[in-house]
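Overview (structure and organization)
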Amino acid sequence: MSLNQEMWAALVVCFSAVFTQNILLTTFLGMCPFTSVSREVKTSMGLGAAVVFVMTCTTILNWMAYHWILVPLGLEFYRFILFIIIIAAFVQFVEMLIDRYSPKLYQNLGIFLPLITVNCAILGASLFMVIRDYTLIVTVGWGFGAGLGWFLAILAMAGIRQKLNAARIPAGLQGPGITLIIAGLMALAFIGFTGVLG
Amino acid sequence: MAQKTAKKGILRRQKPMDRVLVALVPCLIGSIYFFGWRCAAMVLVACITGFLTEWVFCRKRNEPVTEAVFVTSVLYALVMPPTVPWHVLIIGIVFAIIFSKEVFGGFGRNIFNPALAGRCFVYICFPVALTAMWSPPAQESTGALLQWSTVTSPDAITGASPMGQMKAGKLIPVTEIGPDVREKVPFKIGQDETVKIDRVAFLKSLLFGRISGTAGVTSALLILIGGVYLFWTKTASRTTIITVILAYAVFNWILTLAGVPRFYGVLGPVLGGGFLFGAFFMATDPVSSPKTEPGRIIYGIIIALGTVTIRNFSIFNGGLMFSILLGNMFGPIIDYGVNSYKNAKKTKAKEGDE
């Protein structure tokens, strides 16, 4: 593939990661922060932005580690451990950097950054990248698109939950229960994109 | 149903809902005329099931059932294929009432349009019943008024709707006249066959509705009669209706000009596949659509964009249904954004004054 073709492929993968293969609404990864941090729009925006950033960077780093270290050594089966270590280390590193250079952003994001380490969507994105044999440039598109898809989904959910303050939800369904029902209905709408862009 | 509505304390009448029901009458009559009395029975079954489902919940809350449940049920029944099996019809409306309305606390609190959520659910669960079983429209001048259903034999129900055939590239509207150009939309097209059809005749049949499709929405003219009534009386949001239709037309126009295959101008997609029905009756649901005017414009554009994408590029045909649900999904956050933008502007203006 030439560079131009790869850029195009990256764009297509990015778009399909947002809509057709939305990591949250079609593969249901990253559900725990999705249900617990979507109560307010502001905080979910912070978390979403952090996820976009971390996901883009860690998929790239993991791609490098996988293709430049694990594959030459024939140690592909170690990828789960290595990916998790890289993600955790990267999140720590980013936390320190932000704390040092932009305390204000750190205050807004700070709480969510450590949380992201255990967000399964981040690890999932890296694993999908391996399974689907993406090249480095396509991986950039994939990581960014998957993060953006997650961001959009949690943003929509936060908006809905803000509106839900006026609703009378049965006692047994309050909190996570109704959130999962809404997520199900959202996923129902997202099924419509099946088949767009292959 | 008449006795039930007469009882006091069980049903709450709502003026705007009355108007929507009146606006739906032409479509209902059309469905009976084209596909037989089974359509009327479908509407009735949906209404009874919907009413009972809601009543179970409302009784617990000691509230009367609202009239909106009939609007939901009628809308839902009219976008079902005329051959839909009874159990599919009932499952859909029960799902719609329980999971998109009652779990949120009943009327006025739902996030998604109940009729569409129900249809979407059965669309995914019973894809064959909803996408591959159509009945041919009655061809006589008396229509199907003397028939229960237009399906005469089991093999008569495996056609495809004209929009589906157009998407598959089997039905091609053309402007030139030739020996192979047909005047009528064929009900069935063979496996490897492509049929050319006169563009004007095609648009005419979309307008008058003698084509296969979902029960109540084959005729653009009948939808427009009811729709204009809603538009005129301001029952439905004018902003939403205008934005959805206009944006959809513009997107189709751009893609036609760009020469994308299987795009044949603006009028076909706008008139066909119940697009107008969705724009007038579904997208305008006052509960599930955004409350602010700028929000409604963004909402309309999202719906139009989603419809163009899903109708033409995904494996499903029900583009408008999915995109209205998508619009509902992003509606609250759009409202939130618009409101916070307005507030920010206000505080800024205040600061400027001081």
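Reading the values: the criteria
- Residues numbered from 1 in each chain as written.
- Chains lettered and ligands numbered in written order.
- Predicted model: local features only at pLDDT ≥ 70, side-chain atom pairs only at ≥ 80, totals over all residues.
- Heavy atoms only, no water.
- Helix = DSSP H or I, 4+ residues; strand = E, 2+ residues; numbered from the N terminus.
- Rg over C-alpha atoms; globule rule 2.2 N^0.38 Å.
- Buried < 20%, exposed > 50% of the residue type's maximum accessible area, 1.4 Å probe, protein only.
- Contact = heavy atoms within 4.5 Å.
- Areas by Shrake-Rupley, 256 points an atom, 1.4 Å probe, with all protein chains shown as cover.
- Buried area = accessible area lost by both parts, 1.4 Å probe.
- Salt bridge = Lys/Arg side-chain N within 4 Å of Asp/Glu carboxyl O.
- Polar contact = N/O pair within 3.5 Å; in protein donor to acceptor, adjacent residues only side chain to side chain.
- Nonpolar A, V, L, I, M, F, W, Y, C, P; charged D, E, K, R; others polar.
- Core = buried A, V, L, I, M, F, W, Y, C linked by side-chain atoms within 4.5 Å.
- Phe/Tyr/Trp six-rings, centres within 6.5 Å; stacked < 30°, edge-to-face > 60°.
- Lys NZ or Arg CZ within 6 Å of the ring centre and 35° of its normal.
- Disulfide = S-S within 2.5 Å.
- pLDDT = per-residue confidence, 0-100.
- Axes fitted to C-alpha atoms, helices over the stretch in contact; angles between N-to-C directions.
- Parallel < 35°, antiparallel > 145°, perpendicular 65-115°, else oblique.
- Left-handed = near helix turned anticlockwise from the far one by under 90°.

What follows concerns the overall build of chain A. A tally of regular secondary structure across chain A gives nine helices and zero strands. Along chain A, helices and strands appear, N-terminal first, in the series α-α-α-α-α-α-α-α-α. In terms of overall size, chain A behaves like a compact globule, its C-alpha atoms giving a radius of gyration of 18 Å where 198 residues would be expected to give roughly 16 Å. Oriented by its inertia axes, the alpha-carbon framework of chain A measures out at about 60 × 45 × 30 Å. Across the 198 residues of chain A, 50% fall into the buried class. The contacts in chain A between residues at least 6 apart in sequence include a share of 78% that link residues at least 24 apart. By element, 71% of the accessible surface of chain A is carried by carbon and sulfur atoms, the whole surface being about 9,200 Å².

Of the residues lining the interface, 34 residues belong to chain B; the matching set on chain A comes to 31 residues. Counting the surface lost from both chain B and chain A, the interface buries some 2,700 Å², and carbon and sulfur atoms represent 78% of this. Here chain B is connected to chain A by one salt bridge. Here arginine 168 of chain A ties to glutamate 63 of chain B by a salt bridge, and the two come within 2.8 Å at their closest N and O atoms. For the pair chain B and chain A, the number of links is six residue pairs in polar contact (both at pLDDT 80 or more). At the level of elements, α5 (86–100), α6 (114–125), α14 (293–313) and α15 (319–353) of chain B are the ones that each hand at least two residues to the side of chain B that touches chain A. If one sorts the elements of the side of chain B that touches chain A by residue count, α15 of chain B sits on top with eight residues. Looking at side-chain class alone, the side of chain B that touches chain A contains 23 nonpolar, six polar and five charged residues.

It is worth spelling out the nonpolar core at this point. Formed by 158 residues in total, the largest nonpolar core has its most connected members in Phe34 of chain A together with Phe277 and Phe281 of chain B. In terms of residues, this core owes the most to one element, helix α8 (residues 136–164) of chain A, which gives 13 residues.

All right, on to unusual backbone geometry then. All names here are of chain B. Of note in the backbone geometry, asparagine 62 takes a positive phi value of approximately 55° without being a glycine. Structurally, asparagine 62 is set in the loop between α3 (38–61) and β2 (65–66). Residue asparagine 62 is classed as exposed on the basis of its relative accessible area of 71%. Look at lysine 234: it is not a glycine, yet its phi comes out positive at around 60°. Checked against the element boundaries, lysine 234 lands in the loop between α10 (220–232) and α11 (238–257).

It is worth spelling out the packing of aromatic side chains at this point. If you walk through the whole model with that rule in mind, you get 19 aromatic pairs over all chains. Where tyrosine 123 of chain B meets phenylalanine 322 of chain B, the ring centres are 5.9 Å apart and the plane angle is 85°; that geometry is what we call edge-to-face. One end of the pair, tyrosine 123 of chain B, is in helix α6; the other, phenylalanine 322 of chain B, is in helix α15, and 199 residues separate them in sequence. Cluster of aromatic residues (ring-pair linked, three or more members): Phe15, Phe19, Phe190 and Phe193 of chain A. A cation over an aromatic ring shows up here: arginine 132 of chain A above the ring of tryptophan 142 of chain A, its NZ or CZ 5.0 Å from the ring centre.

All right, on to the state of the cysteines then. Counting across every chain of the model gives zero disulfides over all chains. Here cysteine 14 of chain A is not cross-linked by a disulfide; its sulfur's nearest cysteine counterpart is in cysteine 57 of chain A, at 14 Å.

With that settled, consider the pattern of salt bridges. A full pass over the atoms with the stated rule returns five salt bridges over all chains. In this structure, the salt-bridge partner of glutamate 293 of chain B is arginine 296 of chain B, at a minimum N-O distance of 3.0 Å. One end of the pair, glutamate 293 of chain B, and the other, arginine 296 of chain B, are both in helix α14, three residues apart, so they sit about a helical turn from each other. Via salt bridges that share partners, Arg168 of chain A together with Arg61, Glu63 and Glu102 of chain B belong to a single interconnected network.

Averaged over every residue, the pLDDT of chain B is 83; residues scoring 70 or more account for 91%. Predicted confidence is poor over residues 1–8 of chain B, with pLDDT under 50, and the contacts of this stretch with residues over four places away or in other chains come to eight contacts.

Residue and element names in this part refer to chain B. At a minimum axis separation of 9 Å, α10 and helix α13 (residues 275–282) run at an interaxial angle of 20°. Compared by their axis directions, α10 and α13 come out roughly parallel. Considering the relative orientation of α10 and α13, their crossing is left-handed. Of the residues in α13, those in contact with Ala220, Ile223, Leu224, Gly226, Gly227, Val228, Leu230 and Phe231 of α10 are Leu276, Phe277, Phe280 and Phe281.

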